[in-house]
Amino acid sequence: MINNSNIIITGTSSGIGKELVIKFLKQGNTVWGCARSKNTINKHNYFHKELDLSDSNQVSEWINYVESQTNKKIDIFISNAAVFTRKLNPLDSFDAISETIKVNLIAPMLITNMISKLMIQNKKGLIVLFSSAAAVINEMQLPISLTIGTSTYASSKSGLETFGYIIKKELDKFNIKVATIRVLHTPTKLSDKLSKKEVKILKSKFKTDKFGSTEKIFKAINKLHNLRQIPKNNLFYDKLKK
């Protein structure tokens, strides 16, 4: 069980991020969270920052602040925040495409870059990246209506999985554990952009639903923390039906 740890979680105003904050606080941890919106968690030992993850300067300032408040001891980073604008690429805007890549891929990379330096000094740490089934959308044989408009989001999540795979190899020797959890579907504002019919079709393509609730994700993170070493394949996911 994770306790007495300093934890950073992105995207904590609602959904999985908010629920994880509350669960980790109940276990006796201190949590720093961020979102574009104001704080929705009025709990002891939770510290909220209203910021835009697509702005690298704001990200850097926030992490530096958390570093100063924790005496350079950040134990766990959970990359949860994501944006999903469902539009055909030719009809999308430069700003929207750029924002998706910055929030979903670049921000986790930048935060990992900063936090891993502290973890190396402390000779331990856990980094958990949240991916999506969209990363393997090309393997699902989905109806075209379910795939169009997802090119930027799916690409950002596929890139995040590659980053997680390689950064694990880079940080292994420093006793820093890196894992990527590919979430199939959980009810959130983000997933609400899929209709009930689309969600049913998506789930029907998989054998299992290991991370279908915040409670399941929470338990998975605790298990990862308890492992002496993350497996060589550090991607945890639901298997597709053949």
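Residues numbered from 1 in each chain as written. Predicted model: local features only at pLDDT ≥ 70, side-chain atom pairs only at ≥ 80, totals over all residues. Heavy atoms only, no water.

Some remarks on the overall build of the chain
To be explicit about the condition: Strands are runs of DSSP state E lasting at least two residues, helices are runs of H or I lasting at least four, and both sets are numbered from the N terminus onward. For the radius of gyration, the atom set is restricted to C-alpha positions; the globular benchmark scales as 2.2 Å times the number of residues to the power 0.38. Only heavy atoms enter the contact rule, under which two residues are in contact if any of them lie within 4.5 Å. Using the Shrake-Rupley algorithm and a 1.4 Å probe, accessible areas are obtained, with residue cover drawn only from the displayed protein chains. Charge assignment in this entry is limited to Lys and Arg as positive and Asp and Glu as negative, and neither His nor the chain termini are counted. Note that the charge is assigned to NZ on lysines, CZ on arginines, CG on aspartates and CD on glutamates.
A count of helical and extended segments in the chain gives seven helices and seven strands. Taking 2.2 N^0.38 as the reference for a compact globule, 242 residues should give roughly 18 Å; the C-alpha atoms of the chain span a radius of gyration of 17 Å, in line with that estimate. Along the three orthogonal principal directions, the C-alpha set of the chain runs to about 50 × 35 × 35 Å. Pairs at least 24 residues apart make up 73% of the contacts formed inside the chain by residues separated by at least 6 positions. Entry remark: accessible area of the chain is about 12400 Å², with carbon and sulfur atoms responsible for 52%. Separation between the mean location of the 38 positive side-chain charges and that of the 19 negative ones in the chain comes to 8 Å.

As for helix H1 (residues 15-26)
Test applied: Here a helix's expected span is defined as the number of its residues, less one, multiplied by 1.5 Å. Classification of residues uses two cut-offs on accessible area relative to the type maximum, computed with a 1.4 Å probe and protein chains only: under 20% is buried, over 50% is exposed, and between them is partly exposed. Taken from the helix axis, the directions to the C-beta atoms give the arc we talk about.
In this model H1 runs 17 Å from its N-terminal to its C-terminal C-alpha over 12 residues, within 8% of the 16 Å that 1.5 Å per residue would give. Every buried residue of H1 is listed here: Ile-16, Gly-17, Leu-20, Val-21, Phe-24 and Leu-25. Seen along its axis, H1 keeps its buried residues to an arc of 160 degrees; they face one direction. Contact partners of the buried residues in H1: strand S1 (6-10), strand S2 (30-35), strand S3 (46-50), strand S4 (76-79), strand S5 (125-132) and helix H7 (214-226). Downstream of H1 by one or two residues, Gly-28 has phi in the positive range, about 90 degrees.

Here we look at the nonpolar core
General note: in soluble globular proteins, nonpolar side chains tend to be found buried as a group. Inclusion rule: The criterion is simple. A nonpolar core is a set of buried Ala, Val, Leu, Ile, Met, Phe, Trp, Tyr and Cys residues joined through side-chain atoms within 4.5 Å.
Residues Ile-8, Leu-53, Trp-62, Ile-63, Ile-111, Ile-115 and Ile-127 are the most contacted members of the largest nonpolar core, which totals 29 residues. For this core, the elements supplying multiple residues, two or more each, are S2, helix H2 (56-69), helix H3 (94-122), S5, helix H5 (151-171) and strand S6 (176-183). Apart from residues no more than four positions distant in its own chain, Trp-62 is found in contact with Ile-8, Ile-9, Thr-10, Trp-32, Gly-33, Cys-34, Lys-49 and Leu-51.

Geometric descriptors of this kind do not, in isolation, establish any biological role.
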